[in-house]
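Coordinates in review
Take a look at the letters that make up each chain.
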Amino acid sequence: MVGRENKEKHTKLSKVILASSSEVRNRMLNQYFSEVISVPHNADEEKFKRLEQKPEEIVLRIAKEKALSVLEKYPTEIIIASDQILLCENKVISKPKSLEEAIQKLLFLRNKVHKLYSSIFAIKTGKVYFQQVKMATLFFANITQNDIKLYVKNNKKTVLTTVGSYKIEENSKHKFLSNIDGDLETILGFPIKDLIEKIKREE
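About the thresholds
All residue numbers refer to positions counted from 1 along the written sequence of the respective chain. Side-chain atom pairs in this predicted model are given and counted only at pLDDT of 80 or more, local residue features only at pLDDT of at least 70, and totals for whole chains, interfaces and linings cover all residues. Side-chain measures here rest on the full set of heavy atoms in the structure, leaving out hydrogens and waters. Where helices and strands are cited, they refer to DSSP runs of H or I of at least four residues and of E of at least two residues respectively, numbered from the N terminus. Only protein chains enter the area calculation, which uses a 1.4 Å probe; residues under 20% of their type maximum are buried, those over 50% are exposed, and those in between are partly exposed. Salt bridges are defined as contacts in which a side-chain nitrogen from Lys or Arg sits within 4 Å of a carboxyl oxygen from Asp or Glu.

Overview of unusual backbone geometry
Backbone geometry at Glu 89 places phi at a positive 50°, although glycine is not the residue there. Locating Glu 89 in the fold gives a position in the loop between β3 (78-88) and β4 (91-93). For Asn 111, which is not a glycine, the phi torsion comes out positive at approximately 60°. Inspection of the secondary structure assignment puts Asn 111 in the loop between α5 (99-109) and β5 (112-124). Overall, the relative accessible area of 43% leaves Asn 111 in the partly exposed class.

Okay, structure coming up:
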């Protein structure tokens, strides 16, 4: 048993800096790296969402700014940052600032298709190492206003800390969402598969 554990440990990649305090993203990286250091970024996300750019450009720019915001502290490490924005009827939807705002957002999303744009931006020893944007398309069911209010009341943390005010991993319970197109990593807001493959090839 000891030998097996050591082998698994040594097959993991080296240390990485995650420019985020997200527990989900930290867990995902811990599957590949022996040490993940989560560092809160100080990028002004809303500033860039006001720019007249395509959603894929906005989401990549925000991830880049997040990575750059911690570069001075970790100039020689791999820094990984990400971002996700939700677009519905050509309107960018951000995380709600209150439960009432979450209700209004979910009422807006119901019975509509929306798109999730998820970005990855990585810096290695101060230089751009990897960047990518992937998109997923989902449909939010036409549930009642009372169901939405009850959902928000019982899931306060989720609705205030996620861009869609939902977690795809909880969809089997609530059945609000239908995945039209897109992989799970993209829906989760952290499409790291291609980045990990690049790092593996070069380690």
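Notes on the pattern of salt bridges
Counting across every chain of the model gives seven salt bridges. As a salt-bridge pair, Lys 15 and Glu 77 come within 3.2 Å of each other at their nearest N and O atoms. With Lys 15 in the loop between α1 (2-10) and β1 (16-18) and Glu 77 in the loop between α4 (55-68) and β3, the pair connects residues that are 62 residues apart, well separated along the chain. Salt bridges linked by common partners bring Glu 45, Lys 66 and Asp 83 together as one network.

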